[in-house]
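Notes for the structure review
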Amino acid sequence: MIEFIEEEHLYLYDGIIIPSVSEILHFIFPDKYKNVDEQTLQKKAVYGSKVHEAIECLEQGKTLPELDENQEFSIRQWQYLKEKNNIKVLIQEQMINYGDNYAGRFDMVANVNGYLSLCDIKTTATLDKEYLSWQLSFYELANESMYHTRFDKLYAIWLPKRNCGQLIEIERKSRNELLDVLKKFKESRKEVEE
């Protein structure tokens, strides 16, 4: 059984804390945000969370949260991409885990132009496809272990501020690549604990 404690951003598997996909990504990309100050990171996180929340509300037929002009533009871009690519949202904000190895929460499973797809919404100024490849592939590995479902495609729904949104296919990492990184991650954690 998987649980999430929001305040501390912790995942528990049968009551024991397990790593998040974000922790594994930090292991792979330790310097990703090295030159970005904490205040800027926090501001960007709040902005992106608001866009995520608005898309979730829109898809559930709920009232949208209050949005600024840029966030409203991002939502219009989402609606354009949705129509252009025949996107039908099936699942949003699903928590998954790969046994007691790691856990996370993916943004969306959707039918995109007839393909069952795992999608991640990004509002960043630049899109890091390599980072997304690892992120979505780890989510897919966990989803496959839980539900025995493999996705046809992996996508980024990229909604940068004041720019046109794009649907970008992301290459998946192989199972062997994922398991190799997971093994190295676990070994590094064990060394720190000793």
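This brings us to the pattern of salt bridges. Per the stated rule, a full pass over the model turns up 10 salt bridges. Measuring nitrogen to oxygen at the nearest pair gives 2.9 Å for the salt bridge that ties Lys82 to Glu59. Residue Lys82 is found in helix 3 (residues 69-84), and its partner Glu59 is found in helix 2 (residues 38-59); the two are separated by 23 residues along the sequence. Its relative accessible area of 26% is what places Lys82 among the partly exposed residues. In this structure Glu59 comes out as partly exposed when scored by relative accessible area, which is 22%. Among the salt bridges present, the one from Arg172 reaches Glu140, with a minimum N-O distance of 2.8 Å. Of the two residues, Arg172 is situated in the loop between strand 8 (166-170) and helix 5 (175-193) and Glu140 in helix 4 (residues 129-147); the sequence distance between them amounts to 32 residues. With a relative accessible area of 2%, Glu140 lands in the buried category. Through salt bridges with shared partners, a single ionic network connects Glu140, Glu144, Arg150 and Arg172.

Our focus in this paragraph is the side chain of Asn97. As for its position among the elements, Asn97 is in strand 4 (residues 87-98). A distance of 2.9 Å separates a polar side-chain atom of Asn97 from the backbone oxygen of Gly99. Setting aside chain neighbours within four positions, we find Asn97 in contact with Ile2, Tyr13, Tyr102, Ala103, Ala142, Ser145 and Met146.

On to helix 3, then. With 16 residues, helix 3 should reach 22 Å at 1.5 Å per residue; the first-to-last C-alpha distance of 23 Å fits that figure. For helix 3, the complete set of buried residues consists of Asn70, Gln71, Ser74, Ile75, Gln77, Trp78 and Leu81. Around the axis of helix 3, the buried residues are gathered within 160° of arc, so they sit on the same side. Across helix 3 from its buried face, at more than 90 degrees, point the exposed residues Glu69, Glu83 and Lys84. Tucked into the core, helix 3 has its buried residues touching helix 2, strand 4, strand 5 (102-112), strand 7 (153-158) and strand 8. Once helix 3 ends, the next one or two residues include Asn86, with phi positive near 50°.

Take the sheet that holds strand 3 (residues 16-18) next. Note on sheets: strands pair through backbone hydrogen bonds, and any given pair is parallel or antiparallel. One open sheet holds the 3 strands; their spatial order is 1-2-3, and the pairing between them is antiparallel. The open sheet terminates on both sides in strands that have one partner only, identified here as strand 1 (2-5) and strand 3. Neighbour to neighbour, the strand axes of the sheet diverge by 40° on average, direction disregarded. Relative to strand 2 (residues 10-13), strand 1 runs antiparallel, the two sharing 4 bridges. Paired with Ile5 across the bridge in strand 2 is Leu10.

To continue, consider the packing of helix 1 (residues 21-28) against helix 4. Helix 4 packs onto helix 1 with a crossing angle of 145° between their chain directions and a minimal axis gap of 10 Å. As for the relative orientation of helix 1 and helix 4, their crossing is right-handed in sense. Across from Val21, Ile24, Leu25 and Ile28 in helix 1, the residues of helix 4 making contact are Tyr131, Trp134, Gln135, Phe138 and Tyr139. The residue makeup of the contact of helix 1 with helix 4, split by class, is 8 nonpolar, 1 polar and no charged.

Here the focus is the sheet that holds strand 7. Reading across the sheet, the 5 strands line up as 4-5-6-7-8 and stay open at both edges, with mixed pairing between neighbours. Strands with a single pairing partner mark the edges of an open sheet, and in this sheet they are strand 4 and strand 8. Shown here is a sheet whose adjacent strand axes are inclined to one another by a mean of 35°, direction ignored. Where strand 6 (residues 115-122) and strand 7 come together, 6 bridges link them in parallel fashion. Each residue of the ladder has a partner; that of Leu118, found in strand 7, is Leu154. Docked against the sheet, helix 4 engages strand 4, strand 5, strand 6, strand 7 and strand 8, running at close to 80° with respect to strand 4.

Conventions adopted
- Residues numbered from 1 in each chain as written.
- Predicted model: local features only at pLDDT ≥ 70, side-chain atom pairs only at ≥ 80, totals over all residues.
- Heavy atoms only, no water.
- Salt bridge = Lys/Arg side-chain N within 4 Å of Asp/Glu carboxyl O.
- Helix = DSSP H or I, 4+ residues; strand = E, 2+ residues; numbered from the N terminus.
- Buried < 20%, exposed > 50% of the residue type's maximum accessible area, 1.4 Å probe, protein only.
- Polar contact = N/O pair within 3.5 Å; in protein donor to acceptor, adjacent residues only side chain to side chain.
- Contact = heavy atoms within 4.5 Å.
- Expected span 1.5 Å × (residues − 1).
- Arc of directions from axis to C-beta.
- Pairing = 2+ DSSP bridges.
- Axes fitted to C-alpha atoms, helices over the stretch in contact; angles between N-to-C directions.
- Left-handed = near helix turned anticlockwise from the far one by under 90°.
- Nonpolar A, V, L, I, M, F, W, Y, C, P; charged D, E, K, R; others polar.

Shape is all these values report; function is a separate question.
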